[in-house]
Amino acid sequence: MSLGIWVLGDQLSVDQAALASTAPSEARVLLVESSSVLGQRAYHRQKLVLVWSAMRHFAEDLRQAGWTVDHRISDRFGDTVRAWIEEHGIRELRLMEPADRGFRGAIDALALPVSLQWLPSTAFLWSREAFAAWAGGYRQLRMELFYREGRRRFGVLMEGEGPKAEPLGGQWNYDHDNRKPPRKGLQGPEPLWFEPDAITQAVMARVEQLDQDRQSQGHPPLPGQLQRFRWAVSRRQALQVLDHFIDTRLAGFGPYQDAMVGGEPTLWHALLSPYLNLGLLHPLEVIRHLEQRGLEQAVPLAGLEGVIRQILGWREYTHGLYQWFGADYASSNHLGADAPLPAWLEGEGTSGMACMDTVLAELADSGYAHHIQRLMVLANYGLLAGLNPQAFTSWFHRQFIDGYDWVMQTNVLGMGLFADGGRLASKPYAASGNYIRRMSTYCKGCDYDVSERHGPKACPFNSLYWDFLDRHRERLRGNPRMALVFKQLEKLPAEELEAIRAAAHDHRSQWG
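None of these values were measured; they are calculated from a predicted model.

When you go through the protein residue by residue, the secondary structure sums to 21 helices and 7 strands. Whereas a compact globule of 512 residues would reach a radius of gyration of roughly 24 Å, the protein reaches 24 Å, a difference of no more than 12%. For the protein, the C-alpha atoms occupy an extent of roughly 75 × 65 × 45 Å along the three principal directions. Counting over 512 residues, the protein shows a buried share of 57%. Restricting to contacts in the protein with at least 6 residues of sequence separation, those with at least 24 account for 74%. In the structure as shown, the protein presents an accessible area of about 21400 Å², 49% of it carried by carbon and sulfur atoms. Positive and negative side-chain charges of the protein, numbering 54 and 59 respectively, have mean locations separated by a distance of 4 Å.

Further remarks concern helix H11 (residues 283-296). Under the 1.5 Å per step criterion, the end-to-end length of H11 is 20 Å for 14 residues, consistent within 8% with the ideal 20 Å. Positive backbone phi, at 55°, marks Ala 298, one or two positions downstream of H11.

Let's shift gears to the side chain of Asp 100. Its place among the elements puts Asp 100 in the loop between strand S4 (92-96) and helix H4 (101-109). For the buried Asp 100, which has no salt bridge, the nearest side chain bearing the opposite charge is Arg 41, at an N-O separation of 6.5 Å. Filtering out sequence-adjacent residues up to four positions away, Asp 100 remains in contact with Tyr 322, His 397, Tyr 404, Asp 405 and Trp 406.

Evaluated as defined, the whole model comprises 23 aromatic pairs. Ring geometry for Trp 134 and Tyr 138: centres 5.0 Å apart, planes at 40°, overall tilted. Between Trp 193 and Trp 231 the ring centres are 5.0 Å apart and the planes differ by 85°, which places this aromatic pair in the edge-to-face class. One end of the pair, Trp 193, is in the loop between strand S7 (166-167) and helix H7 (198-216); the other, Trp 231, is in the loop between H7 and helix H8 (235-248), and 38 residues separate them in sequence. Connected via pairs of aromatic rings, a cluster forms that spans Trp 126, Phe 131, Trp 134, Tyr 138, Phe 146, Trp 314 and Tyr 317.

For the rest of this paragraph, the subject is the pairing of strand S2 (residues 28-34). Most of S2 sits out of view: 7 of its 7 residues are buried. Side chains Arg 28, Leu 30, Val 32 and Ser 34 of S2 all project onto a buried face; the interleaved residues Val 29, Leu 31 and Glu 33 project onto the opposite face, where all are buried too. Looking at chain direction, strand S1 (residues 3-6) and S2 are connected through 3 bridges and run parallel. Of the residues in S2, the one forming a bridge with Gly 4 is Arg 28. With 7 bridges connecting them, S2 and strand S3 (residues 68-74) associate as parallel partners.

Right, let's talk about the environment of Ser 216 for a bit. One can find Ser 216 in helix H7. Look at Ser 216 and you get exposed, because its relative accessible area is 62%. For the pair formed by Ser 216 and Cys 459, sequence separation is 243 residues and the distance between their alpha carbons is 39 Å.

Here the focus is the pairing of strand S5 (residues 115-119). Inspection of the sheet shows S4 paired to S5 by 5 bridges, in the parallel sense. By the bridge assignment, Leu 95 is partnered in S5 with Trp 118. Following the backbone out of S4, through H4 and into the adjacent parallel S5, one traces a crossover that is right-handed.

Among the structural elements, Trp 395 can be located in helix H15 (residues 389-399). Under the relative-accessibility criterion, Trp 395 is labelled buried at 1%. Residues Trp 395 and Gly 224 lie 171 residues apart in sequence; the distance between their C-alpha atoms is 13 Å. For Trp 395, the contacting residues outside a window of four places in its chain are Leu 341, Leu 345, Glu 346, Leu 360, Leu 363, Leu 378 and Phe 400.

Once that is clear, we can look at the nonpolar core. The biggest cluster of nonpolar side chains holds 151 residues, and the ones touching the most others in it are Leu 290 and Tyr 381. When residues no more than four places from it in sequence are discounted, the contact partners of Leu 290 are Leu 242, Phe 245, Ile 246, Leu 250, Leu 295, Leu 304, Val 307, Ile 308 and Ile 311. By size, the runner-up hydrophobic cluster in this structure holds 16 residues, among which are Val 81, Trp 84, Ile 85 and Leu 93.

Turning to helix H21 (residues 494-509), a few remarks are in order. Between its first and last C-alpha, H21 extends 23 Å over 16 residues, near the 22 Å set by a 1.5 Å rise per residue. Looking at H21, one finds that the buried residues are Leu 497, Ile 500, Ala 503, Ala 504 and His 507. For H21, the arc enclosing every buried residue in end-on projection is 120°, short of the 170-degree limit, so these residues lie on one face. Turned more than 90 degrees away from the buried face of H21 sit Ala 494, Glu 495, His 505 and Ser 509, all of them exposed. Next to the buried residues of H21 lie helix H14 (371-385), helix H18 (460-471), helix H19 (473-476) and helix H20 (483-490).

This part covers the pattern of salt bridges. Pairing between side chains of opposite charge can happen when the charged atoms of each approach one another. Tallied over the entire structure, the rule returns 35 salt bridges. For Arg 104, the salt bridge identified is with Glu 97, shortest N-O distance 2.3 Å. Where salt bridges share partners, they join Asp 470, Arg 473, Glu 474, Arg 477, Glu 490, Glu 498 and Arg 501 into one cluster.

Before going further, it helps to examine the sheet that holds S5. If you walk across this open sheet you meet the 5 strands as S3-S2-S1-S4-S5, and the pairing is parallel. The open sheet has two edge strands with one neighbour each: S3 and S5. Neighbouring strand axes in the sheet, compared pairwise and without regard to direction, differ in orientation by 25° on average. Lying over the sheet, H4 contacts S1, S4 and S5, oriented at roughly 165° with respect to S5.

Scoring rules and cut-offs
Residues numbered from 1 in each chain as written. Predicted model: local features only at pLDDT ≥ 70, side-chain atom pairs only at ≥ 80, totals over all residues. Heavy atoms only, no water. Helix = DSSP H or I, 4+ residues; strand = E, 2+ residues; numbered from the N terminus. Rg over C-alpha atoms; globule rule 2.2 N^0.38 Å. Buried < 20%, exposed > 50% of the residue type's maximum accessible area, 1.4 Å probe, protein only. Contact = heavy atoms within 4.5 Å. Areas by Shrake-Rupley, 256 points an atom, 1.4 Å probe, with all protein chains shown as cover. Lys, Arg positive; Asp, Glu negative; His and termini not counted. Charge placed at Lys NZ, Arg CZ, Asp CG, Glu CD. Expected span 1.5 Å × (residues − 1). Salt bridge = Lys/Arg side-chain N within 4 Å of Asp/Glu carboxyl O. Phe/Tyr/Trp six-rings, centres within 6.5 Å; stacked < 30°, edge-to-face > 60°. Pairing = 2+ DSSP bridges. Right-handed = clockwise from strand over helix to strand, strands pointing away. Core = buried A, V, L, I, M, F, W, Y, C linked by side-chain atoms within 4.5 Å. Arc of directions from axis to C-beta. Axes fitted to C-alpha atoms, helices over the stretch in contact; angles between N-to-C directions.

Shown next as C-alpha cells:
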C-alpha cells in the first residue's frame, strides 16, 4: 500500500478525518510513541501513561476493525516516520490537522519525502472557518454570545426550530444557580476508575525507566504519582465514564460545581475532558447523550445546562479563540508579569497555604483539578503574584492530564492571568482569600489567617490581592467591572497599604 495515515496521539477516533478518508484495505496506519516530547516539557507521569496507553489500545482497536497498523516507539519521531515511509513505500501521507499549531509546524519542518495531505480537523464542532466567520462579525468575542449561537446551530436544549427557537426553560444559562458554597460534610459520589491492564502496566514501566534515565542525566524527577494511575485508556472505558457520570453524578453537578472541598477532589465533576481531548469521545456525541438522558431522567435543567455549556460553550470557544488569535497570542504579557515560578509548585504540601497545598497534592495524585481550583486557586495566585505568564502556562500544560497548547494558552493566559489584556475575559479574575474561604473548606486549619491583610500570619492571597490592585491601578482602574474594588482600595490608609506591600514582598521573597 502506498497510502499512509499518521494518527497523532490526540486524534484517537475511528471517525477522524484522515481515517475516514479511505477504507481499511487501502491504507497503512502509523502511530508514533516518542519520548522526544520530554525534551520540550517534563510532563506529569500520568499524562504520559494516559496518552501512550490510549495510543496502544487504539492501535489494537484499529487492527480489530481491519486496519493494517504500525505502532512505533522511538526517541525521535521524525526519524521513525522517515524509516516507516521508506520501509513500506509510502508515497502519500494523510494527517488530520492537529489542534496544537506547533505540531503542524514541526511536521511540516520534517520535509518528509512524500506527498503530505492535511485534512481539516473533525475533532471539534466548529471548524476554524466557521469560527472565523462568526468572530468576524463582532468587536468583542464574548463566550455567552458564542454559546447561544452554538445552542441554535446544533439545536441543543432548544424549544422550536429555526430563528424562532427559544432556550429550553426560557433562559440561556443558570450560572446563578450553580455557585453554591460547600455545605458542611459535602461529599460527591465516587468516580469511575480502572485498574491498569497489561498494556497500561507496560507503559507505566516505560515511563518509570525514562524517568530514571532522566534523573541519571541530572534532570529532576517527573511530576506526579505514577502508581496512582486509574484513568480510562480506551473508547470503551471512556464511554463507561460518560454513562457513569450521567447515572451517578449529573443530577448533582449543578449547585456545587464551583465548590472546593478538602478530601473531595472530584465532587460531581464529569472527568470527561481527558477523553474529549484525546479523541476517545466526540463533543457532539457527549452533548447529545447528556441532553437525551438528562431530560429523560428529569435532571435539574440548571445542572444539565451547566455541564453542556462547559463543552458546547467554553471548550469550543477557547479552541476557536486559540486558532483565531494566532501564534503571537502565546507571548501575551499585558501586565508585564515577570516573576519566576515558586519552587514549591513542583512539590506537594510545601507552600504553607492549605488551599494551594491541597490542590497541588491532588494534582500530583491524578493530574487533575477542577475548573475553579485551576482558576481561583492556581491561576488567581499566578495573577496576583505576577508570575511569568509563559512559564506558568507551560507549567499548566505539563502538569494537567488534559493539558494541550490550545487548552492552556486561552485558559491560562487569557482567563487566568489576563495576560492578553482582555481579549478573552472582560476583567482580571483577581480575588482575595475571602473567595477561597467562601467557596472552599481549605481555610479551616490553615497556618495563615484569611481575615488578615498583612502581618506574618496574613493570608498571602489577601496581601497579594491588594498589592496587585495597587501595582496595576493606573492600568486597570478604567475597567468598569473593577470600579468598586478600586473604590475600596482608595479607602485603605496609607500606612496599611504600605504594610500590605511589605507583606506581599516578604511572601514572594520566600519562594526559594
